Amino acid sequence: MLAITLQDLRFRKRQFLIAIAGAALLFAMTLLMAGLAAGFSFEIDQTVSSLGGQAWMVAAGSSARVAALAPIPGTAEPAVAATPGVKVAQPVAIVPQAATVGSATRSLVLVGVIPGGFDGPGLVSGRAVRSTGQAVVDRRLGLTIGQHFSVAGRRFTVVGTVADKTLIGGVPDVFVPLGDAQAVAFGGRPLVSAFVLGGVPRSAPPGLQVLSPAQVESQSLAAMASARSSIENSRIFAWVVAAVIVAAMVYVSALERTRDFAVLKALGSSSVSLFFGLAVQAVVVSLVAAVVAAAIAHF
């Protein structure tokens, strides 16, 4: 029966190739959507981990979403640094902005840091920022070392690049000196988004709260819940459509083989063996489509 099934696949190869192509495109779409949904969590983890620290101190009652933190006075740094359990208090400013890159306008997430604080964002090329007007950019921004861009009329020169540092569904992170970020986002006022801490404090000064990096990541990911739900629903729908394509192909094949089945039944074949032959066809088509889909999704 297996030999007959494989011969039927060869005989109806055009029909099966069409089914494989349709299913493969849908399988590839589901793989891409799964990667996109996973990317939301990955990018938040990469950005939070690039800032280092064992805990974050943010405004009390803040949503703790890393790209939408409520600003707090930078003058709170001495009180934060003096909190029991805190070894280092690193102020950061994280604010989405629009930048002028050449003649185009691009979205980015401006991350203001103290030069030399913690481990840095993990350079791919170049060096970390050392003075005002310098920037380390994610490669997705499309700039290389020595090129320039402007944010709110302030000009920056790229001195280093990083990879996989994005937020808000692929918006590239740009690391600049804290003073530059404050000048762009807060009009030069001494405001920060959070204090990234070395050590874990047992309490927080009034108006502030302590969060672990994992809590910052989970609350930031919650902001993408609607987008992730839509992607997941679309992915499930694509799987259903792919299954329908394979089932329709097998059904048409079965209709065309009615006489063949009658002869095989007359020769003593059981209904189970005939069903097994159709199931093998469905499995072969699905596996070949999955291989093609993996190649398409990769490229």
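Residues numbered from 1 in each chain as written. Predicted model: local features only at pLDDT ≥ 70, side-chain atom pairs only at ≥ 80, totals over all residues. Heavy atoms only, no water.

Asks: In this structure, what is going on with the pattern of salt bridges? I would like to understand it.
Replies: When their charged atoms lie close together, side chains carrying opposite charge are able to pair. Taken as a whole and judged by the stated rule, the model has two salt bridges. Asp 180 is the salt-bridge partner of Arg 154, the closest N and O atoms lying 3.2 Å from each other. Placement of Arg 154 in strand 8 (residues 154–162) and of Asp 180 in helix 4 (residues 178–185) is noted, with a sequence separation of 26 residues between them. Since its relative accessible area comes to 32%, Arg 154 is described here as partly exposed. The buried category is assigned to Asp 180, whose relative accessible area is 2%. With a closest N to O distance of 2.8 Å, Glu 232 and Arg 235 form a salt bridge. In this pair, Glu 232 and Arg 235 are both assigned in helix 6 (residues 225–256), three residues apart and thus about one turn of the helix distant. Here Glu 232 falls in the partly exposed class, since its relative accessible area comes to 31%. Classification of Arg 235 by relative accessible area gives partly exposed; the value is 21%. (Salt bridge = Lys/Arg side-chain N within 4 Å of Asp/Glu carboxyl O. Helix = DSSP H or I, 4+ residues; strand = E, 2+ residues; numbered from the N terminus. Buried < 20%, exposed > 50% of the residue type's maximum accessible area, 1.4 Å probe, protein only.)

Asks: Can you help me understand a nonpolar patch on the surface in this one?
Replies: There is a patch of nonpolar side chains on the surface, built from Leu 25, Val 284, Val 288, Val 292 and Ile 296 and spanning about 360 Å² of accessible area. Considering each element in turn, the nonpolar patch owes the most residues, four residues, to helix 8 (residues 271–298). Among the secondary structure elements, Val 292 is positioned in helix 8. (Patch = residues over 30% accessible without salt bridge, like charges linked within 9 Å, V, L, I, M, F, W, Y side chains within 5 Å. Areas by Shrake-Rupley, 256 points an atom, 1.4 Å probe, with all protein chains shown as cover.)

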